[in-house]
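# A look at the structure
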Amino acid sequence: MNCRSPMKSSDAVRTRRGDRMLTSLYVSPSRLRCIDDTADGEKYRRCGRARQLVWIALAVALMLAACGGAAHAQTPPLIPSIPSIPTTDAEPEEMVLALRVVIGLAVLSLAPALLMMLTSFTRIIIVLGFLRQALGVQQTPPNMVLVGLALFLTFFVMQPVWQAISEEAVAPYLEGQLKYQEAIEQASVPLRSFMLKQTRERDLALFTRMARLSAPPSADQLPLYVTMPAFIISELKSAFQLAFVIYIPFLVIDLVVASSLMSMGMFMLPPVMISLPFKILLFVMIDGWHLLVKSVVLSFH
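Rules of the game
- Residues numbered from 1 in each chain as written.
- Predicted model: local features only at pLDDT ≥ 70, side-chain atom pairs only at ≥ 80, totals over all residues.
- Heavy atoms only, no water.
- Helix = DSSP H or I, 4+ residues; strand = E, 2+ residues; numbered from the N terminus.
- Buried < 20%, exposed > 50% of the residue type's maximum accessible area, 1.4 Å probe, protein only.
- Contact = heavy atoms within 4.5 Å.
- Areas by Shrake-Rupley, 256 points an atom, 1.4 Å probe, with all protein chains shown as cover.
- 1 Å grid on protein atoms, 1.4 Å probe; cavity = no way out; pocket = protein on both sides within 12 Å on 5 of 7 lines; lining within 4 Å.
- Points joined across faces, edges and corners; volume = space filled by probe spheres on them.
- Nonpolar A, V, L, I, M, F, W, Y, C, P; charged D, E, K, R; others polar.
- Core = buried A, V, L, I, M, F, W, Y, C linked by side-chain atoms within 4.5 Å.
- Axes fitted to C-alpha atoms, helices over the stretch in contact; angles between N-to-C directions.
- Parallel < 35°, antiparallel > 145°, perpendicular 65-115°, else oblique.
- Left-handed = near helix turned anticlockwise from the far one by under 90°.
- Phe/Tyr/Trp six-rings, centres within 6.5 Å; stacked < 30°, edge-to-face > 60°.
- Lys NZ or Arg CZ within 6 Å of the ring centre and 35° of its normal.
- Expected span 1.5 Å × (residues − 1).
- Bend = angle between axes of the 7 residues up to and from the residue.

So, on to the overall build of the protein chain. Of regular secondary structure, the protein chain possesses 10 helices and 0 strands. Sequence-ordered secondary structure for the protein chain, helices as α and strands as β, is α-α-α-α-α-α-α-α-α-α. Taken over 301 residues, the protein chain has a buried fraction of 23%. Nonlocal contacts in the protein chain, meaning residues at least 24 apart in sequence, comprise 68% of its contacts between residues at least 6 apart. A total of about 22300 Å² of accessible surface is found on the protein chain, and carbon and sulfur atoms cover 68% of it.

In structure tokens, the structure reads:
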């Protein structure tokens, strides 16, 4: 027993030494994190020092700029004088360019409203929209095509009016023969004449009463703020009347197709699928676009 105990003790000593060596070689994850945190902290310290130097430099630059501005603030800058614009009637040619610019900007800003409300555009676009609904097609023709067709038809219908405005108001004004107010009055005469031809007397009487004006001997003496709304509601009424006439043949086709499907017991089949080809065929056979454009244009004469 005594001879074996020294061997066991020596083995235990060797084992402890080996464990210490392995322990010295092993690095725990927590220790690695501490090492990483130490390196990151050193980087952050360096970045913090660099930021402090940058802020100090910016503060010095601002102080120098403030000192320089205070030195130059003793001499205030000179305000340039604004040239006066002549407004007397003695030299009207000096105002022509400015007035042209003002008139051009005013026309551009009011052009959409004038084109839609004071011309034939309202009636034409409403009739074309009702035609598309009567045919049963959703987006054919598309809105861009309908608006383009309505614009070109409007230019065609309003061409005599615009020619009269150009000859009686625009050209004399540009030549210096008319003043601004006189040119406006001359330009409103052809436009008022066109609107009165398309306006019903009942609508004129309505707005005349609401404006609390006495009835003039002639409709030409009514102001434009009375003539314009009366013309617009008259156009809406005329457009709906034309749309009703357009709807009738297509409505008959829908009724015939629906009654035929019900008599055959085909309740689940939508009548629109069957009636749409017949509507398009009828519209093409009678040359519908020709008849429609002819009716709409001739309704203004």
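There is more to say after this.
This part takes up unusual backbone geometry. Negative phi characterises most residues that are not glycine, and trans characterises most peptide bonds. Although it is not a glycine, R212 sits at a positive phi angle of roughly 60°. Tracing the sequence through the fold places R212 in the loop between α7 (201-210) and α8 (224-263). Residue class for R212 comes out exposed when judged on its relative accessible area of 79%. Phi angles above zero are rare outside glycine, and D287 is one such case at about 55°. The residue D287 is located in the loop between α9 (271-285) and α10 (288-298) in this model.

Turning next to the layout of surface pockets. Where empty space is left in the structure can be found by rolling a water-sized probe over the atoms. As a volume, the largest pocket reaches approximately 1100 Å³. Contributing to the lining of the largest pocket are 28 residues, with V107, L114, I165, I184 and A187 lying nearest its centre. Secondary-structure elements contributing two or more residues to the lining of the largest pocket are α3 (96-117), α5 (143-174), α6 (180-198) and α8. When its residues are assigned to classes, the lining of the largest pocket shows 22 nonpolar, 4 polar and 2 charged.

In this structure, I124, L131, F194, F250 and L292 are the most contacted members of the largest nonpolar core, which totals 33 residues. Broken down by element, this core gets its largest block of residues, 9 residues, from helix α4 (residues 121-135). With residues near it in sequence (within four places) discarded, F250 still touches L131, A134, L135, K279 and F283. Residues L204, F207, L222 and A230 belong to the second largest nonpolar core, which totals 6 residues.

So, about the packing of α5 against α10. Across the interface, α5 lies against α10 with an axial gap of 11 Å and an inter-helix angle of 45°. With respect to their mutual orientation, α5 and α10 come out oblique. Between α5 and α10 lies a crossing of right-handed hand. Seen from α5, the contacting residues are L149, L153, F156 and V157; seen from α10, they are W289, V293 and V297. Looking at the contact of α5 with α10 residue by residue, the classes come out as 7 nonpolar, no polar and no charged.

Attention shifts here to the side chain of Q198. Tracing the backbone shows Q198 in helix α6. Those residues in contact with Q198, other than ones at most four positions away along the chain, are R123, F231, S234, E235, S299 and F300.

Once that is clear, we can look at the packing of aromatic side chains. Two numbers describe a pair of aromatic rings. These are the distance of the centres and the angle of the planes. With the rule as written, the count across this model stands at 8 aromatic pairs. Each ring, one from F155 and one from W162, has its centre 5.7 Å from the other, and the planes form 55°; the classification is tilted. On the basis of relative accessibility, which here comes to 38%, the residue F155 falls in the partly exposed class. Overall, W162 belongs to the partly exposed group, its relative accessible area being 34%. Relative to F283, the ring of F250 has its centre 6.4 Å away and its plane inclined at 45°; by these criteria the two rings are tilted. In this pair, F250 is assigned in helix α8 and F283 in helix α9, connecting sequence segments 33 residues apart. Pair check on accessibility: F250 and F283 agree, each one buried. Above the plane of the ring of F300 lies R123, whose end atom (NZ or CZ) is 4.0 Å from the centre.

For α6, with 19 residues, the first-to-last C-alpha span of 28 Å sits near the 27 Å given by 1.5 Å per residue. Of all the bends found along α6, the most pronounced is centred on V189 and spans about 25°, while P190, a proline, follows it within four residues. All buried positions along α6 are accounted for by A183, A187, S188, P190, L191, R192, F194, M195, L196 and Q198. On the buried face of α6, the contacting elements are α4, α5, α7 and α8.

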